[in-house]
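# Topology and contacts: notes
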Amino acid sequence: MTRPQVAKVIVDVPVKDTDRPFDYSIPESMRAWIEVGSRVGVPFGHRTVQGFVVALQEEPSAAGIRLKPIQEVLDVVPPLSAELVKLAEWMSRKYACRFITALQAMVPTALKGKAERYISLGDPAEAEEEDEYSGTLVRIETKQTEEARTIMAYVAQKGEVPALQLSRVFQDSAETIKAMLRKGVLQENQSIKDKLQKKMLKAVDLAVDANEAEAALETFPAKAQRQREVLKFILEMKELLPLPLKEILASLQVSAATVKGLEDKGLIAIVDQEVFRDPYRGRRFKPSAPLALNDEQQHAFERIRGALDAFAHDVFLLHGVTGSGKTEVYLQTIQRCIEQGRQAIVLVPEISLTPQMVERFKGRFGDQVAVMHSRLSGGERYDEWRKIREGKVKVAIGARSAVFAPFEHIGLIIMDEEHETSYKQEESPKYHARDVAIRRAREQGAAVILGSATPSLESYYAARSQADDDFAPMLLEMKLRALGNKLPSVQIVDMREELKEGNRSMFSRPLHRAIEVRLERGEQMVLLLNRRGYSTFVMCRSCGYVAGCPECDISLTYHQKSNNLRCHYCGYAAPAPSVCPDCGSEHIRYFGTGTQRVEEELAKLFPGIRVIRMDVDTTTEKGSHEKLLKQFRDKKADVLLGTQMVAKGLDFPDVTLVGVITADSALNLPDFRAGEKTFQLLTQVAGRAGRHQLPGEVLIQSYTPEHYSIVHASGHDYLSFVRDELKHRRNLHYPPYCRLILVTMTHEQLPLLVRMAENMVTALKGKAGQRGWLGSLDRLTSDAFDVLGPVASPIPRIKNRYRFQCMVKWRGNIDAVGLVREAAEQLEETAQHQKLQIAIDVDPQMLM
Ligand SMILES: Nc1ncnc2c1ncn2[C@@H]1O[C@H](COP(=O)(O)OP(=O)(O)OP(=O)(O)O)[C@@H](O)[C@H]1O
Ligand SMILES: [Zn+2]
Ligand SMILES: [Zn+2]
């Protein structure tokens, strides 16, 4: 067999001219190891850089060319498959990003560094399993060849062999080693260092009981203020003890010596805490059997099963009201997919936010499920990824990037809560997991389910109009709740009236009363603070001074735990002032309705009320989210208070009241989706009430109760909302009536930036004109292209760089992305020495 001699490699060098494959020759000794998707080290200029093989060629393109040779192969088993490489290429075109950036996005972080990996003998139990495709005992056969026995003996004797060493020693046995790894006879591990060290972590616990520690707080000398702060913090977090030491150091920005000082005083103990590699190991999940489907579920299930059985690439939009039992439909279709010998990917908005979801899948499919959790350590994530690649699991659940799960026979991709904006990545590659899922499914002949109680307008419109060849999902509706109960009644409370009547509290009288009633009855409540658009900033009440970041045009956010001010964009931090830096007044304080303030207010109004607060501050630690939810489920609290994260996917039987503190805080953001997001959030949170036996009640407090988003959310009326919202979108030329490309340009010098931004717009219009695309969007013709701007971005300066943007609106069968990319590259060429940066965001979700 002749093996390819030339590899086309995409190198990891961040210069524009490198965004194309370079040819390298493959040394004889490496030929068996290199495949499309291999990661290699290649000479580039005067150094060695990393790259990915994206194609192989028998011989050099032209005779007589001397190619530089590949220097090393970095993995025994290529981290990417040919299918993923192709997908990355598609992404780079679709999202105008570099090919290498798209490739890197698919590889687990653990594989990116130079960390060495080791090979040891696989778990014998796993290695004996039957191969399900051929039905034979392939793994055992593999063991029986002479070659395999020699390799096993070698590995057994050494215990663990560096992967690359093994590949050098058994240079000619590439196929066998790769087969042995696939079959689990051998296994690849992260570095030994990772395995040994990651297991222990320093954590802090109280050494005395909490009362004693409280008492000690009083007696701290003035010079031990930092220690006092630390102890106070530990006491505040006592439910979560032991706390990782690192986290205390990071949140309070204190030194380890400070914490050590407390240990010397005998108040706390620094202990070694074990960290599990498999975060779910040892956890038992209640096994669940398939439920008998109701009519609506059955209908949806049958349609999807039909697609699976036909191996058809069909996309379904499963629009089911909150509590309609979408999850059960997912579970049973996955079951079908597994029976076919295929694999399934389940995407959820942010895995750490839905521990209940993980439980449902683990309960049904047990060890066949891999969880790709953003809070896992690099090593843990690598373990899960490897289980997928090696076919040890059949289902992968994870957030956005799980769409790249390295399965080879995908039958089904499910995207739950498909309307969530977190499916769009905000850094390059700025991809949307929905588009990538559909593309991948198409290539593999897999079905796709997009599920939501509040589908994004784009998806819903595409399903209704069936106008787009690439994206025309079939609509499946579930209008009733699975357990037969009604959607909760929703009441809107006009907060302006409350103010007129002299109620200045953040709780209206109806909400106040409703909380009282629940406390009397011993029922549970969820309170939502819509914090989008809010921040806790510091303002002087005497002169109006607002503390802002010196490098970004944005106000600083107050962090109570560390009593400092921080910039969300650049990380700048400063101590919170006690007097106004402008006028010297002492009336300077932090503003904004943070969850902490709601918590304080609750404690004041309802003495003895038990509140679990869930927000970014209380959920930084791994597993804390899960812990808090469990406490709530175990009835350790009356109220679950939180931001957006309490709105999604939770299913608690005894929640009978949902209160929204302020519904409209996000309506005024400069974002054409503000109405849609508000509607979705309110509908989702209202869906948390009365899901089981007890009826639910929802109170929404608002300063603009007549807004259609709020009115329709209160009526659970998705269709009316869509009708009104589509009218707006059509009038203002926004998606789904056109598509957007946001081009943001940044530079340190404002006048130069403005000139460049103007050049950009001129170039875009010129190019579009030449192609005959330029036309008003008003005419609802198929092809249209228009450019708005340039204007200063909503955040006009970040890290001392000014920001200008222009917005392309387009429609039809034209390569708008290619045109924008072309214009940007030309401008960058002329402006390279001037340090202009251009970011292209295709189908942007954030317009800031
Ligand atoms: N066929 C069924 N028979 C009995 N109970 C069911 C059935 N289907 C679903 N359920 C139950 O109904 C409840 C709601 O289902 P589920 O949480 O899946 O709804 P959902 O559509 O995902 O809602 P949301 O969008 O609010 O997350 C769950 O407690 C679930 O166990
Ligand atoms: Zn002042
Ligand atoms: Zn800043």
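Parameters at a glance
- Residues numbered from 1 in each chain as written.
- Chains lettered and ligands numbered in written order.
- Predicted model: local features only at pLDDT ≥ 70, side-chain atom pairs only at ≥ 80, totals over all residues.
- Heavy atoms only, no water.
- UniProt positions renumbered as here; feature names shortened; annotations may be inferred.
- Near = heavy atom within 4 Å.
- Polar contact = N/O pair within 3.5 Å; in protein donor to acceptor, adjacent residues only side chain to side chain.
- Areas by Shrake-Rupley, 256 points an atom, 1.4 Å probe, with all protein chains shown as cover.
- Domains from an automatic or database assignment.
- Phe/Tyr/Trp six-rings, centres within 6.5 Å; stacked < 30°, edge-to-face > 60°.
- Helix = DSSP H or I, 4+ residues; strand = E, 2+ residues; numbered from the N terminus.
- Buried < 20%, exposed > 50% of the residue type's maximum accessible area, 1.4 Å probe, protein only.
- Lys NZ or Arg CZ within 6 Å of the ring centre and 35° of its normal.
- Pairing = 2+ DSSP bridges.
- Axes fitted to C-alpha atoms, helices over the stretch in contact; angles between N-to-C directions.
- Contact = heavy atoms within 4.5 Å.
- Salt bridge = Lys/Arg side-chain N within 4 Å of Asp/Glu carboxyl O.
- Expected span 1.5 Å × (residues − 1).

- As recorded in an unreviewed UniProt entry, the protein goes by the name Replication restart protein PriA, listed as coming from Paenibacillus azoreducens.
- The record held by UniProt for the protein lists under Subunit (unreviewed entry) the comment "Component of the replication restart primosome."
- Its UniProt record, at the heading Sequence similarities (unreviewed entry), says of the protein: "Belongs to the helicase family. PriA subfamily."

## Here's the deal with the site of ligand 1
- In the vicinity of ligand 1 there are 21 residues, among which Ala292, Gln297, Gly323, Lys326 and Asp651 approach most closely.
- One of the backbone nitrogen or oxygen atoms of Ala292 is found 2.9 Å away from a nitrogen atom of ligand 1.
- In this structure, an oxygen atom belonging to ligand 1 sits 2.7 Å away from a side-chain N or O atom of Lys326.
- With the chains in place, 85% of the 640 Å² that ligand 1 exposes on its own is no longer accessible.
- Lining the shell around ligand 1 are residues from two domains, each supplying at least three of them: domain 4 (295–478) and domain 5 (489–532 + 594–728).

## A closer look at the packing of aromatic side chains
- Considering all chains together, one arrives at 12 aromatic pairs under this definition.
- Relative to Tyr718, the ring of Phe679 lies with its centre 6.2 Å away and its plane at 45°, an arrangement referred to as tilted. Here Phe679 is found in helix α23 (residues 674–686), whereas its partner Tyr718 is found in helix α25 (residues 718–732), with 39 residues between them in sequence. Each member of the pair, Phe679 as well as Tyr718, carries the same accessibility label: buried.
- These aromatic residues form a ring-pair network of at least three members: Tyr460, Phe679, Tyr708, Tyr718 and Phe721.
- Sitting over the ring of Tyr734, Lys809 keeps its end group 4.1 Å from the ring centre.

## Here we look at the sheet that holds strand β33 (residues 837–842)
- Read across the open sheet, the four strands follow the order β31-β32-β30-β33; overall the sheet is antiparallel. The open sheet terminates on both sides in strands that have one partner only, identified here as β31 (784–798) and β33. Here the strands of the sheet are splayed against their neighbours by 20° on average, with no regard to which way each runs.
- Strand contacts of helix α27 (residues 816–831): β30 (739–747), β31, β32 (801–811) and β33, with the helix running at about 175° to β33, the strand carrying the most contacts.

## Description of the pattern of salt bridges
- Applying the stated criterion to the full structure yields 45 salt bridges.
- Lys178 is paired through a salt bridge with Glu35; the nearest N and O atoms lie 2.5 Å apart. Of this pair, Lys178 sits in helix α7 (residues 174–183) while Glu35 sits in the loop between β2 (22–25) and β3 (39–44), placing them 143 residues apart in sequence.
- By relative accessible area, Lys178 is classed as buried at 4%.

## Points about helix α16 (residues 378–389)
- Given a rise of 1.5 Å per residue, 12 residues ought to cover 16 Å, and the 16 Å separating the end C-alpha atoms of α16 matches this to within 8%.
- Most of α16 is tucked away: nine of the 12 residues are buried.
- Positive backbone phi, approximately 75°, marks Gly391, located one or two places after α16.

## A short note on the domain arrangement of the protein
- Partitioning the protein into structural domains gives domain 1 (6–113), domain 2 (120–186), domain 3 (200–274), domain 4 (295–478), domain 5 (489–532 + 594–728) and domain 6 (739–842).
- The C-alpha-based centres of domain 4 and domain 5 are spaced at 28 Å.

## Quick look at the side chain of Asp638
- With respect to the helices and strands, the residue Asp638 is situated in the loop between α22 (624–633) and β27 (639–642).
- The exposure class of Asp638 is buried, given its relative accessible area of 12%.
- Beyond its immediate chain neighbours, meaning those up to four positions away, Asp638 contacts Leu519, Glu523, Gln524, Met525, Ile609, Arg610 and Phe632.

## Considerations on the pairing of β2
- Where burial is concerned, the two faces of β2 differ: the one with Phe22 and Tyr24 is buried and the one with Asp23 and Ser25 is not.
- As paired strands, strand β1 (residues 6–11) and β2 are joined by four bridges and run antiparallel to one another. Across the sheet, Val9 pairs through a bridge with Phe22, a residue of β2.

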